[in-house]
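# Working through the structure, step by step
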Amino acid sequence: MKNVNNCSAQVRPDPKKERARTQLPLRPAPPEPARASRPGLQFWFISPSTMTFSEILDRVGSMGPFQYLHVTLLALPILGMANHNLLQIFTATTPAHHCRPSPNASAELWVLPRGLDGKPEKCLRFIHLPNASLPNETHGATEPCLDGWVYNNTMDTIVTEWDLVCSSGKLKEMAQSIFMAGILIGGPVFGELSDRFGRKPILTCSYLLLAASGSGAAFSPTLLVYMLLRFLCGCSISGITLSTVILNVEWVPTWMRAISSTAIGYFYTFGQFILSGLAYAVPKWRWLQFTVSAPYFIFALSSWWTPESIRWMVLNGKSSKALKTLRRVAAYNGKKEEGEKLSLEELKHNLQKDISLAKVKYGLADLVRIPTLRRMTFCLAIAWFSTGFAYYSLAMGVEEFGVNLYILQIIFGGVDIPAKFVTILSISYLGRRITLAAVLLLAGVAILSLIFVPLDMQMVRTAVAVFGKGCMSSSFSCLFLYTSELYPTVIRQTGMGASNLWARVGSMIAPLVKITGEVQPFIPNVIYGTMALLGGIAAFFLLETLNRPLPETIEDLENWVQQGKETKQESEAEKASQKIPLKLGGSSPDPS
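Attention in this report is confined to the structure presented alongside it. (Residues numbered from 1 in each chain as written. Predicted model: local features only at pLDDT ≥ 70, side-chain atom pairs only at ≥ 80, totals over all residues. Heavy atoms only, no water.)

### So, the overall build of the protein
- Along the protein, the regular secondary structure elements total 28 helices and four strands.
- By the burial criterion, 50% of the 592 residues in the protein qualify as buried.
- In the protein, once contacts between residues fewer than 6 apart in sequence are set aside, the share between residues at least 24 apart is 78%.
- In the structure as shown, the protein presents an accessible area of about 28,800 Å², 64% of it carried by carbon and sulfur atoms. (Helix = DSSP H or I, 4+ residues; strand = E, 2+ residues; numbered from the N terminus. Buried < 20%, exposed > 50% of the residue type's maximum accessible area, 1.4 Å probe, protein only. Contact = heavy atoms within 4.5 Å. Areas by Shrake-Rupley, 256 points an atom, 1.4 Å probe, with all protein chains shown as cover.)

### Comments concerning empty space enclosed by the protein
- Scanning the model with the defined rule gives four cavities of 30 Å³ or more in all.
- The computed volume of the largest cavity comes to approximately 420 Å³.
- In terms of lining, the largest cavity is formed by 22 residues, of which the most central are Ile78, Thr241, Gly265, Tyr268 and Phe480.
- For the lining of the largest cavity, the secondary-structure elements that each account for two or more residues are helix H6 (81-85), helix H11 (223-251), helix H12 (257-281), helix H21 (371-395), helix H23 (416-429) and helix H25 (458-486). (1 Å grid on protein atoms, 1.4 Å probe; cavity = no way out; pocket = protein on both sides within 12 Å on 5 of 7 lines; lining within 4 Å. Points joined across faces, edges and corners; volume = space filled by probe spheres on them.)

### Some points on a nonpolar patch on the surface
- Taken together, Phe421, Val422, Leu425, Tyr429, Leu430, Ile434, Leu534, Ile537, Phe540 and Phe541 make up a surface patch of nonpolar side chains, about 1,100 Å² in accessible area.
- Of all elements in the fold, only H23 and helix H27 (523-539) reach the threshold of two or more residues within the nonpolar patch.
- Ranked by residue count, the leading element in the nonpolar patch is H23, at four residues.
- Position of Phe541 among the secondary structure elements: in the loop between H27 and helix H28 (554-578). (Patch = residues over 30% accessible without salt bridge, like charges linked within 9 Å, V, L, I, M, F, W, Y side chains within 5 Å. Salt bridge = Lys/Arg side-chain N within 4 Å of Asp/Glu carboxyl O.)

### Side note on the packing of aromatic side chains
- Counting across every chain of the model gives 16 aromatic pairs.
- Here Tyr226 and Trp285 contribute two aromatic rings whose centre-to-centre distance is 5.5 Å and whose plane-to-plane angle is 90°, an arrangement assigned as edge-to-face. Here Tyr226, found in helix H11, pairs with Trp285, found in helix H13 (residues 285-293); they are 59 residues apart in sequence, far enough to count as distant.
- Of the residues examined, Tyr226 reaches a relative accessible area of 0% and is grouped as buried.
- In this structure Trp285 comes out as buried when scored by relative accessible area, which is 1%.
- Among the aromatic residues, those joined into a ring-pair cluster are Trp384, Tyr391, Phe476 and Phe480.
- One Lys or Arg, Arg230, reaches over the ring of Phe179 and ends 4.1 Å from the middle of that ring.
- The ring of Trp305 has Arg328 sitting right over it, with the charged end atom 5.7 Å from the ring centre. (Phe/Tyr/Trp six-rings, centres within 6.5 Å; stacked < 30°, edge-to-face > 60°. Lys NZ or Arg CZ within 6 Å of the ring centre and 35° of its normal.)

### Thoughts on the packing of helix H22 (residues 405-414) against H23
- Between H22 and H23, the least distance of the axes is 5 Å, while the angle of their chain directions is 10°. Our classification of the angle between H22 and H23 gives roughly parallel. Mapping the contact onto sequence places Phe412, Gly413 and Gly414 in H22 and Asp416, Ile417 and Pro418 in H23.
- When its residues are assigned to classes, the contact of H22 with H23 shows three nonpolar, two polar and one charged. (Axes fitted to C-alpha atoms, helices over the stretch in contact; angles between N-to-C directions. Parallel < 35°, antiparallel > 145°, perpendicular 65-115°, else oblique. Nonpolar A, V, L, I, M, F, W, Y, C, P; charged D, E, K, R; others polar.)

### Side note on the pattern of salt bridges
- Throughout the structure, instances matching the rule amount to five salt bridges.
- One salt bridge in this structure joins Arg286 and Glu161, with 2.5 Å as the shortest N-O distance. You can see Arg286 sitting in helix H13 and its partner Glu161 sitting in helix H8 (residues 158-162), a full 125 residues away along the chain.
- For Arg286, a relative accessible area of 23% corresponds to the partly exposed category.

### Notes on the nonpolar core
- Core analysis: the largest hydrophobic core is formed by 99 residues, its most contacted members being Leu373 and Leu436.
- Considering each element in turn, this core owes the most residues, 13 residues, to H21.
- Sequence-distant contacts of Leu436, that is, excluding residues within four places in its chain, are made with Ala383, Ser475, Cys478, Leu479, Tyr482, Ala539 and Leu542. (Core = buried A, V, L, I, M, F, W, Y, C linked by side-chain atoms within 4.5 Å.)

### Some points on the packing of H22 against H25
- Look at H22 against H25: their axes get within 9 Å of each other, and the N-to-C directions meet at 40°. Of the possible angle classes, the one that applies to H22 and H25 is oblique. Facing H22, whose interface residues are Leu408, Ile411, Phe412 and Gly413, H25 presents Thr462, Ala465, Val466 and Lys469.
- The residue inventory of the contact of H22 with H25, partitioned by class, reads five nonpolar, two polar and one charged.

### Let's talk about helix H5 (residues 65-75)
- For H5, the full list of buried residues reads Phe66, Gln67, His70, Val71, Leu74 and Ala75. Take H5 and look down its axis: the buried residues cluster within an arc of 160°, on one side only. (Arc of directions from axis to C-beta.)

### Focus on unusual backbone geometry
- Although it is not a glycine, Asp163 sits at a positive phi angle of roughly 50°.
- Along the chain, Asp163 turns up in the loop between H8 and helix H9 (170-197).
- Note on Asp163: relative accessible area 26%, which makes it partly exposed.
- A positive phi angle, near 60°, is found at Asn547, a position not held by glycine.
- Tracing the chain through its elements places Asn547 in the loop between H27 and H28.

### Remarks on the environment of Ser213
- In this fold, Ser213 is placed in helix H10 (residues 199-217).
- The buried category is assigned to Ser213, whose relative accessible area is 3%.
- Between the alpha carbons of Ser213 and Ser236 there is a distance of 9.0 Å; along the sequence they are 23 residues apart.
- Ser213 has contacts with Leu229, Leu232 and Cys233, leaving out every residue within four places of it along the chain.
- A distance of 2.6 Å separates a polar side-chain atom of Ser213 from the backbone oxygen of Leu209. (Polar contact = N/O pair within 3.5 Å; in protein donor to acceptor, adjacent residues only side chain to side chain.)

### A few points about the environment of Asn85
- Looking at where Asn85 falls in the secondary structure, it is placed in helix H6.
- Since its relative accessible area comes to 5%, Asn85 is described here as buried.
- As for Asn85 and Phe179, which are separated by 94 residues in sequence, their C-alpha atoms are 8.4 Å apart.
- In terms of polar contacts, Asn85 uses its side chain to reach the side chain of Tyr268, at 3.3 Å.

### Some points on a positive patch on the surface
- Together, Lys318, Lys321, Lys324 and Arg328 give the surface a local cluster of positive charge.
- You can see Lys321 is positioned in helix H16 (residues 319-332). (Lys, Arg positive; Asp, Glu negative; His and termini not counted. Charge placed at Lys NZ, Arg CZ, Asp CG, Glu CD.)

### Looking at the side chain of Asn83
- Mapped onto the elements, Asn83 comes out in helix H6.
- Ignoring any residue separated from it by four or fewer positions in sequence, one finds Asn83 in contact with Gly271, Ile274, Leu275, Leu278 and Val292.

### Brief notes about the side chain of Arg492
- Counting through the fold element by element, Arg492 comes out in helix H26 (residues 492-513).
- Judged by its relative accessible area of 0%, Arg492 falls in the buried class.
- With sequence-adjacent residues up to four places away left out, Arg492 is seen in contact with Ile246, Glu250, Ser484, Tyr487, Leu550 and Pro551.

Here is the structure:
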């Protein structure tokens, strides 16, 4: 008992109680309420028995074979995410086309009217064939393509199947917007369901929904059915994305979060390479749609091995299942004995703070009601919106750069490799906040610079666009990790869903903004670039999460904010003190 006496000379523990405690070395007795405030005894009783979840994870293996397999199983389905997000680049390609001749017209004498640029009209034809009396074929009366269109190649897309050209061309953009609307709606819906029913069940259901709706879209008899099924695909993608991010963050140690999140992001990058290869090998849009959707039936079966979030189970009164999961992880990591030492009472005692919060339910309204969350949610909303808005303006505009579609898609995907590598270094050493702000500001500058590059300089425009797209990919990688670290556990999934929603709003609006190009060609890039700059500015108002544990409660977040304010005040006070002029040596404050 020498150590206790040294800790507090005035508090001398009862020898009888001490002998009783020494008989139970494996389970230290809890502190007595009357003595809990005494520093000597508080250190002796509470510190050895109270652990955070990170320390519990260390006991069962915080980075062992289980974590590697866990991250791999979460990352493999991400390979197909790019296939669905960018699928319409290939399934909705618009080939060269012109009006089909009328049934009574002779194919040999068929002539097309020409526009002001000298190119044949795509959406008009002559009512009567021009004759020798007309000095110019463009002077004849024209009409719309009443008998359909003729396409100049053998490409099989939804455009050629349902004639989504000319006046119906906007339906092509609407199909992509409806898909993005599904992602938008799926964010908050699956976020709430995940907080209520768990991360794992929602992940499995999302896999099944994507497999069923995606495969069904391949057999769509009409465009309306196709749009509806693509909407369900979008909903399921939100469920997969959110559950993947949360399960990744909660099962790896703090120092591995950035690495594992970026590694999963690389799977999305490689998926863009796979998309180009699949589109080249499977030119029929229906078969391509089925090919990218069917594997998710297998992913739904493999997801049974993915464990549920321990924090979620504890918060929802499933401590027995949480203990069983921890023991399974310990056995897989070669620490079976450590896992057996864990007891239900110990787990409940160590995570008592989390269990007490299980009765407190937070929802979307709390993101606005609580001041600390309101400010953070507002800044994240701007960052997410600008990222989705600018990203899809570049990613879905591949056709506009006049380069081979398959090659350019590979280049657009390839830029993510160095971009994500630089991102992981930056967020690990410089921090999340400065990285997010920097990539958004750089992307904004790149998009705005496209205004000043002439249209005939295709290679320069492509290079600038590829750089901007790389910055936007870095922003997505940083935001998924950053957002999951900012929101407390009790509202993390809901916050992720709400934040992700704004990215989908941006991706929905992005195609509509291109319509403003009919007024002035530079207007879309001005809007895209300005929003990216605003997102970068908003990032500076967020907290830095580098090397900090995940906040569990709203109180943890508020304490974190208060600590930041105190640190800033101390820094300002120190700077102010350095500006006070020093008095001359030898002078006396006494006037006498």
